[in-house]
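Structure at a glance
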Amino acid sequence: MLYYKQISAAKRRDYMDRDERFYRKWTVIRKKGKAKFVISRGLVHGLLLYVIWAAATWFFDRDKFDPEFFVTRYYYYFLIYLIVGFIISSGAWKGQNKRYDNITWYAEKQHKKNLP
């Protein structure tokens, strides 16, 4: 029984450390602004999705269509995946802000956590 309590206390410390690390990182990111976050992360997510899709399409479908079709298709999907990346990043911003607000609310409520 004592071993179980020690493990759960260690896990609680780990969660507290993760929350504190997140709080510090997100405070810096939040100061830079939503636009910078969404644009930078949106480009990364969109390009990653596009590269994966383009490689899979080229590998599996290159014999089924003529090259002109592929060129126009790649342009359209590039724009679509960039938009999807921006949507994903916007959702990530909302989720991270909600987590940040919950951590600060809990810290203020408990008055035990010293946030920098």
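Read on for an overview of the structure. Please read these numbers as outputs of a predicted model, since none were measured by experiment.

**With respect to the pattern of salt bridges**
Counted by the stated rule, this structure contains two salt bridges. Arg 99 is the partner of Asp 19 in a salt bridge, and the nearest nitrogen-oxygen pair spans 3.3 Å. Here Arg 99 lies in helix H3 (residues 67-110) and Asp 19 lies in helix H1 (residues 2-32), a separation of 80 residues in the sequence. Arg 30 is paired through a salt bridge with Asp 101; the nearest N and O atoms lie 3.6 Å apart. Pair noted here: Arg 30 is in helix H1 and Asp 101 is in helix H3, with a separation of 71 residues, a long-range link.

**Thoughts on a nonpolar patch on the surface**
The grouping of Leu 49, Tyr 76, Tyr 77, Ile 80, Val 84 and Ile 88 at the surface amounts to a nonpolar patch, some 510 Å² of accessible area in total. In terms of residue count, H3 provides more of the nonpolar patch than any other element does, five residues in total. Summarising the element assignment, Tyr 76 is placed in helix H3. The class for Tyr 76 is exposed, based on a relative accessible area of 58%.

**Digging into a positive patch on the surface**
A cluster of basic residues, Arg 18, Arg 21, Lys 25 and Arg 41, forms a positive patch at the surface. The topology assignment puts Arg 41 in helix H2 (residues 34-61). For Arg 41, a relative accessible area of 38% corresponds to the partly exposed category.

**Let's talk about H2**
With 28 residues, H2 should cover 40 Å at 1.5 Å per step; its first-to-last C-alpha distance of 38 Å lies within 8% of that length. If you check which residues of H2 are buried, you get Phe 37, Val 38, Gly 42, Gly 46, Tyr 50, Trp 53, Ala 54, Thr 57 and Asp 61.

Calculation criteria
- Position labels on residues start from 1 in each chain and follow its written sequence.
- In keeping with the predicted nature of the model, local features appear solely for residues at pLDDT of at least 70, side-chain atom pairs appear and are counted solely at 80 or more, and the whole-chain, interface and lining totals rest on all residues.
- As a rule here, side-chain values come from all non-hydrogen atoms in the structure, and water together with hydrogens is ignored.
- We define a salt bridge as a side-chain nitrogen of Lys or Arg found within 4 Å of a carboxyl oxygen belonging to Asp or Glu.
- A run of DSSP states H or I qualifies as a helix once it reaches four residues; a run of E qualifies as a strand once it reaches two. Both are numbered from the N-terminal end.
- Patch criteria: residues need more than 30% relative accessible area and no salt bridge. Like-charged residues are merged within 9 Å; nonpolar side chains of Val, Leu, Ile, Met, Phe, Trp and Tyr are merged within 5 Å.
- Method for areas: the Shrake-Rupley scheme with a 1.4 Å probe, in which residue coverage is limited to the protein chains shown.
- For each residue, the accessible area found with a 1.4 Å probe, counting protein chains only, is set against the maximum for its type, and the residue is called buried under 20%, exposed over 50%, and partly exposed in between.
- Only four residue types enter the charge count, namely Lys and Arg as positive and Asp and Glu as negative; His and the chain termini do not.
- A charged residue contributes its charge at one atom only: NZ of Lys, CZ of Arg, CG of Asp or CD of Glu.
- A helix's residues, less one, multiplied by 1.5 Å, set its expected span.

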